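Residues per chain, in single letters:
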Amino acid sequence: MSGNTVTYQTALAAERSGPTRDAAVAPSRAARELGLKRSEFDLAVRLGRIRTVPHDGGGGRRVPRDEIDRVRAADGFPEGLRAGVRTVGTTEGAALMDVTKARFTRLARLGLLVPVRFYVNRYRAVVWLYLAEELRRFTADERNAALLEGRTPAALRDQLGEGLDLRPRNWRGRHLGFLLRQAADGPWARAAAVASLLDPAEVSDVVTDPCERSHLRRFWPAPAAHGSPGSPAAQLAEEIATAADRDEIDWLRSDLADAVEAARRRCPVPRPVPHAVPAPAGPGAAPRETAAPPPRATGGRVPRETESREPHRAEDRKPREAEQPGGLISLFGRLWRRDS
């Protein structure tokens, strides 16, 4: 038996006998172990039904092993978990509630049915998705019976006539809850979660310090992918993810100001240290000169860069003896004294 065969059989036996399990696993592996599609797993995480933690080495989040064990040990697993993340659109949701599609849409626009997801179809229309579990609870509540049958109350009809549509706003509220859960105890991450729902001009108006705005950008949550960047679908999704109503904007601005103030107290933003320039010793003092670097080895020659580039002044040159006043007379005098 070859060495490779022995190694493979040893590894297979170790796997069957129960390998050492990682403390946390990637989302794709966690989804497989829980028997969920990746879209179902992502929605369960957004709803807070599956806990994730930041990965120490970066590269996204991980699912703790004890969290997978907790979910698997729940009653009704896995059918109950799948049922809890099942989503439906308008047509299927209306059939589930036994109402017309028009009534279903009116209830959703009034904010009585809260979407959990959305996507932009090929016709550039927004398709809202709702939790089937929530629709069943709404239908079973006797207090909602008047909304499911008969004529819609006049006050609600007037609001619809004025163009009321709370579906984007309700989705943003749900999305903010997810972002805050992901931010956990990170003060700047929590502030960035709130800021991500505001127009950049609103953020700059609240966070006036450029250093703090730059630091806030480090924790900016990644937007959900809806088409390629810059495409009409991506632009429409960005509009949905940005607060539009004045009262909602004011509420988010107030929350952002509070979150930034709390972040300042807990984790002040590091500031760049300016380079210190030594001040002169006194009025009129010349600046201190720095020492010149030692000359390079040049084989005995003086490097060109060490020679002065300034022209020599006449008074700085030491005149030769013959050029000094009376130099020739002194020379002849010494010669005459030596011969005499």
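Residues numbered from 1 in each chain as written. Predicted model: local features only at pLDDT ≥ 70, side-chain atom pairs only at ≥ 80, totals over all residues. Heavy atoms only, no water.

Description of the sheet that holds strand β6 (residues 126-131)
Point 1. Within the open sheet, the three strands sit side by side as β4-β6-β5. Their pairing is antiparallel. Each edge of the sheet is formed by a strand with only one pairing partner; in this case those strands are β4 (87-88) and β5 (117-120).
Point 2. Note that β4 and β6 share two bridges and pair antiparallel. Within β6, the position partnered with Thr87 by the bridge is Leu131.
Point 3. Strands in contact with helix α15 (residues 232-240) are β5 and β6; relative to β5, the strand with the most contacts, it is inclined by about 150 degrees. (Pairing = 2+ DSSP bridges. Helix = DSSP H or I, 4+ residues; strand = E, 2+ residues; numbered from the N terminus. Contact = heavy atoms within 4.5 Å. Axes fitted to C-alpha atoms, helices over the stretch in contact; angles between N-to-C directions.)

Section: helix α16 (residues 246-266)
Point 1. End to end, α16 covers 30 Å across 21 residues, agreeing with the expected 30 Å (1.5 Å per residue, within 8%).
Point 2. Among the residues of α16, Glu248, Ile249, Leu252, Leu256, Ala259, Val260 and Ala263 are the ones counted as buried. Take α16 and look down its axis: the buried residues cluster within an arc of 100 degrees, on one side only. Seen from the open side of α16, the exposed residues pointing more than 90 degrees away from its buried face are Asp258 and Arg265. (Expected span 1.5 Å × (residues − 1). Buried < 20%, exposed > 50% of the residue type's maximum accessible area, 1.4 Å probe, protein only. Arc of directions from axis to C-beta.)

Topic: the sheet that holds strand β3 (residues 61-64)
Point 1. Taken in spatial order, the three strands make up an open sheet running β1-β3-β2, and their pairing is antiparallel. Lying at the two open borders of the sheet, with one neighbouring strand each, are β1 (24-25) and β2 (53-54).
Point 2. Examined bridge by bridge, β1 and β3 share two bridges and lie antiparallel to one another. Among the inter-strand pairings, Val25 is bridged to a residue of β3, identified as Val63.

Notes on the packing of helix α12 (residues 187-195) against α16
Point 1. The interhelical angle for the contact between α12 and α16, taken along N-to-C directions, is 165 degrees, at an axis separation of 8 Å. Compared by their axis directions, α12 and α16 come out roughly antiparallel. For the element pair α12 and α16, the recorded crossing hand is left-handed. Each of Pro187, Trp188, Ala191, Val194 and Ala195 in α12 lies in contact with α16, whose residues at this interface are Leu252, Asp255, Leu256, Ala259, Val260, Ala263, Arg264 and Arg266.
Point 2. Residues of the contact of α12 with α16, tallied by class, amount to 10 nonpolar, no polar and three charged. (Parallel < 35°, antiparallel > 145°, perpendicular 65-115°, else oblique. Left-handed = near helix turned anticlockwise from the far one by under 90°. Nonpolar A, V, L, I, M, F, W, Y, C, P; charged D, E, K, R; others polar.)

Some points on the confidence of the model for the chain
Point 1. For the chain, per-residue confidence averages 82 on the pLDDT scale, and 73% of positions sit at 70 or higher.
Point 2. Here residues 5-20 is modelled with pLDDT under 50, and outside its nearest four sequence neighbours on either side it reaches three contacts, counting other chains as well.
Point 3. Of the regions scoring below 50 in pLDDT, residues 297-325 engages in 10 contacts with residues more than four places distant in sequence or in other chains. (pLDDT = per-residue confidence, 0-100.)

Here we look at the nonpolar core
Point 1. If you look at the biggest cluster of nonpolar residues, it comprises 40 residues, and the most contacted ones within it are Phe41, Ile50, Leu216 and Leu256.
Point 2. For this core, the elements supplying multiple residues, two or more each, are α2 (27-33), α3 (38-46), α4 (65-72), α11 (167-183), α12, α13 (200-206) and α16.
Point 3. Discounting residues that sit within four places of it in the chain, Leu216 has contacts with Trp188, Ala191, Ala192, Ala195, Val203 and Val207.
Point 4. In terms of nonpolar packing, the next biggest core, distinct from the first, is built from 19 residues, Met97, Phe104, Tyr130 and Leu148 among them. (Core = buried A, V, L, I, M, F, W, Y, C linked by side-chain atoms within 4.5 Å.)

Some points on the pattern of salt bridges
Point 1. Tallied over the full model, the rule gives 23 salt bridges.
Point 2. Of the charged contacts in the structure, one is a salt bridge between Arg65 and Glu33, with a shortest N-O distance of 2.6 Å. You can see Arg65 sitting in helix α4 and its partner Glu33 sitting in helix α2, a full 32 residues away along the chain.
Point 3. Among the residues examined, Arg65 registers a relative accessible area of 9% and is labelled buried.
Point 4. Look at Glu33 and you get partly exposed, because its relative accessible area is 24%.
Point 5. The partner of Arg246 in a salt bridge is Glu202, and the shortest N-O contact between them spans 3.9 Å. Highlighted residues: Arg246 in helix α16 and Glu202 in helix α13, separated in sequence by 44 residues.
Point 6. Judged by its relative accessible area of 17%, Glu202 falls in the buried class.
Point 7. Through salt bridges with shared partners, one network takes in Glu202, Asp205, Arg246, Asp250 and Arg253. (Salt bridge = Lys/Arg side-chain N within 4 Å of Asp/Glu carboxyl O.)

Let's talk about unusual backbone geometry
Point 1. Cis rather than trans, the peptide bond between Phe77 and Pro78 has omega equal to 5 degrees.
Point 2. If you trace the backbone, Pro78 turns up in the loop between α4 and α5 (79-84).
Point 3. Backbone geometry at Asp98 places phi at a positive 60 degrees, although glycine is not the residue there.
Point 4. Tracing the chain through its elements places Asp98 in the loop between α6 (90-97) and α7 (101-109).
Point 5. Positive phi is not limited to glycine here, since Arg124 has a value of about 60 degrees.
Point 6. The topology assignment puts Arg124 in the loop between β5 and β6.

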